[in-house]
Amino acid sequence: MSDVERIVPCAVMRGGTSKGLYFLAADLPEGREERDRFLLAAMGSPDPREIDGMGGGHPLTSKVAVVSPSERPGIDVDYLFLQVWPDRAEVSDQQNCGNILAGVGPFAIEYGLVPATNDVTAVRIFMVNTDSIATALVQTPGGKVQYAGSARIDGVPGTHAPIMLDFEDVAGSSTGALLPTGNAVDLVDGVEITCIDNGMPVVCLDAADFGITGYETPAELEANSLLRERVEAIRLAAGRRMNLGEVADKTVPKMSLLAPARDGGLVSTRMFIPHRVHESIGVLGAVSVATACMVEGSVAARIAGLPKAADELEVAVEHPTGEFTVQMQVDRSSEALTVAKSALLRTARLLMTGEVHALVPAKEN
Ligand code: NQM
């Protein structure tokens, strides 16, 4: 049997420091298996270069947003994030993505799911992957989404219209608890680690424990096979302790190698996501690292050296291409720290609207 061409409406958008295909849920093939077969073909996976599809050959440019009107009270749209692995035929819904989230508000307005209101339209988004809510503030002067503006985010050239993202209840999003192991510090393979989940399950590590500075480039870290093996062994053990089960084939937890800040931030980070190293840092990954800095006794707090009394502050997380500022508000009135608010600035841009032509391989019997 020959391959079948499927032509489906979609938008290509940059969301923060990621890029992907945005679909209306109703336009996608029905059923998970059919949907995933279509998405793999649309992206050109499996192939490390994704040369026969829309994917960019890197996890950060092989992403999908599926958006639909929401039936939940007080919510405008539901957003499902899907990671298409470039080099293997797999589509994963095991993690959320705060960068692709930045494009969901503009996409929902462009595609008529949410009416533009005043100069700024608030879009309330239910994030299906993590059962949590975000509000995006989208610039809409004259009832049209505006992409041009003066906001700058590191990792993206130029300036664009700001999109503020406000997160509610993302603590324990995938693991059930802010500190999924119940501890600020755990010992795995003789290394002290902090497991945290404030929107993204992340393991914080001290780069010095691995004989590196923590300021290496992503390419240098990816070329260090001994380091990669040690980090992956800890990840597999940490995944089990974080209620994530066997994580060999999952994109979480992310592994964050921390070092003292060098450019006026609070902490410096290099993030394995989990096998490639991020060129900057994921949105919710940054929120989780920033939160870890506020947890007394954690690996992150030790390196960041944050004063204990600070309950409301801007945490600048340094990364390979700059820094990422997270606005944090925490509550320490009970014994366990709780997160009242996390907010941050992103930009997004509509790059193209049209139809994607996917050549879907015939089903094997
Ligand atoms: O942490 C990369 C990205 C992400 C995810 C990753 C993200 C997030 O930069 O919210 O945005 O960690 O896989 O898009």
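Residues numbered from 1 in each chain as written. Predicted model: local features only at pLDDT ≥ 70, side-chain atom pairs only at ≥ 80, totals over all residues. Heavy atoms only, no water.

Peer 1: Just give me the short version of helix H1 (residues 32–43), but keep the residues and values in it.
Peer 2: Here H1 is 12 residues long and its end C-alpha atoms lie 16 Å apart, about the 16 Å a rise of 1.5 Å per residue gives. For H1, the complete set of buried residues consists of Arg35, Asp36, Phe38, Leu39, Leu40, Ala41, Ala42 and Met43. Looking at the buried residues of H1, the elements they touch are strand S1 (4–15), strand S2 (18–24), strand S3 (63–69), strand S4 (77–84), strand S5 (91–92) and strand S17 (348–360). Backbone geometry just downstream of H1 places Gly44 in the positive-phi region, at approximately 90 degrees. (Helix = DSSP H or I, 4+ residues; strand = E, 2+ residues; numbered from the N terminus. Expected span 1.5 Å × (residues − 1). Buried < 20%, exposed > 50% of the residue type's maximum accessible area, 1.4 Å probe, protein only. Contact = heavy atoms within 4.5 Å.)

Peer 1: A description of the state of the cysteines should follow, citing residues and the corresponding values.
Peer 2: This model, assessed by the stated rule, comprises 0 disulfides. In this structure Cys10 is not part of a disulfide, and its nearest cysteine sulfur, from Cys97, lies 17 Å away. (Disulfide = S-S within 2.5 Å.)

Peer 1: Describe in detail the site of the ligand, supporting the description with residues and values.
Peer 2: The local shell around the ligand holds 15 residues, among which Ser18, Lys63, Gly98, His278 and Leu284 are the closest. The separation between an oxygen atom of the ligand and a polar main-chain atom of Val283 is 3.2 Å. Protein contact buries 99% of the 350 Å² of open area that the ligand shows by itself. For the shell around the ligand, the secondary structure elements donating two or more residues are helix H2 (98–110) and helix H5 (283–292). The element contributing the most residues to the shell around the ligand is H5, with 3 residues. A breakdown of the residues in the shell around the ligand according to their chemical character gives 6 nonpolar, 7 polar and 2 charged. The residue makeup of the shell around the ligand includes at least three contributed by each of domain 1 (3–167 + 348–361) and domain 2 (186–336). (Near = heavy atom within 4 Å. Polar contact = N/O pair within 3.5 Å; in protein donor to acceptor, adjacent residues only side chain to side chain. Areas by Shrake-Rupley, 256 points an atom, 1.4 Å probe, with all protein chains shown as cover. Nonpolar A, V, L, I, M, F, W, Y, C, P; charged D, E, K, R; others polar. Domains from an automatic or database assignment.)

Peer 1: How would you sum up the packing of aromatic side chains? Please name residues and give values.
Peer 2: Any two aromatic rings considered together are summarised by their centre-to-centre distance and by the angle between their planes. Counted under the stated rule, the structure contains 3 aromatic pairs. For the pair Phe23 and Phe38, a centre-to-centre distance of 5.8 Å together with 70 degrees between the ring planes defines the contact as edge-to-face. Taken together, the positions of Phe23 in strand S2 and Phe38 in helix H1 put the pair 15 residues apart, joining distant regions of the chain. The class of Phe23 is buried, set by a relative accessible area of 0%. Relative to Tyr111, the ring of Phe107 has its centre 4.4 Å away and its plane inclined at 25 degrees; by these criteria the two rings are stacked. Note on Phe107: relative accessible area 1%, which makes it buried. (Phe/Tyr/Trp six-rings, centres within 6.5 Å; stacked < 30°, edge-to-face > 60°.)

Peer 1: Explain the pairing of strand S12 (residues 254–260) to me, using residue names and the numbers behind them.
Peer 2: The buried fraction of S12 is high, at 6 of 7 residues. Note: strand S11 (residues 201–206) against S12, 5 bridges, orientation parallel. Among the inter-strand pairings, Leu205 is bridged to a residue of S12, identified as Leu257. Judged from the 6 bridges that link them, S12 and strand S13 (residues 267–272) form a sheet pairing that is antiparallel. (Pairing = 2+ DSSP bridges.)

Peer 1: Go over the environment of Lys341 with me, naming the residues and quoting the values.
Peer 2: Within the element layout of this structure, Lys341 appears in strand S16 (residues 338–346). For the pair Lys341 and Phe167, spaced 174 residues apart in the sequence, the C-alpha separation amounts to 6.6 Å. Non-local contacts of Lys341, meaning those with residues more than four positions away in its chain, are made with Asp166, Gln327, Met328 and Gln329.

Peer 1: Please give an account of the domain arrangement of the protein chain that cites residues and values.
Peer 2: Partitioning the protein chain into domains gives domain 1 (3–167 + 348–361) and domain 2 (186–336). Put simply, the middle of domain 1 and the middle of domain 2, counted by C-alpha atoms, are 26 Å apart. Across the contact, 21 residues belong to domain 1 and 23 residues belong to domain 2. Summing the contributions of domain 1 and of domain 2, the shared interface buries around 1600 Å²; its carbon and sulfur component is 59%. In this assembly, domain 1 and domain 2 are joined by 1 salt bridge. Residue Asp249 is joined to Arg88 by a salt bridge in which the shortest nitrogen-to-oxygen separation is 3.8 Å. (Buried area = accessible area lost by both parts, 1.4 Å probe. Salt bridge = Lys/Arg side-chain N within 4 Å of Asp/Glu carboxyl O.)

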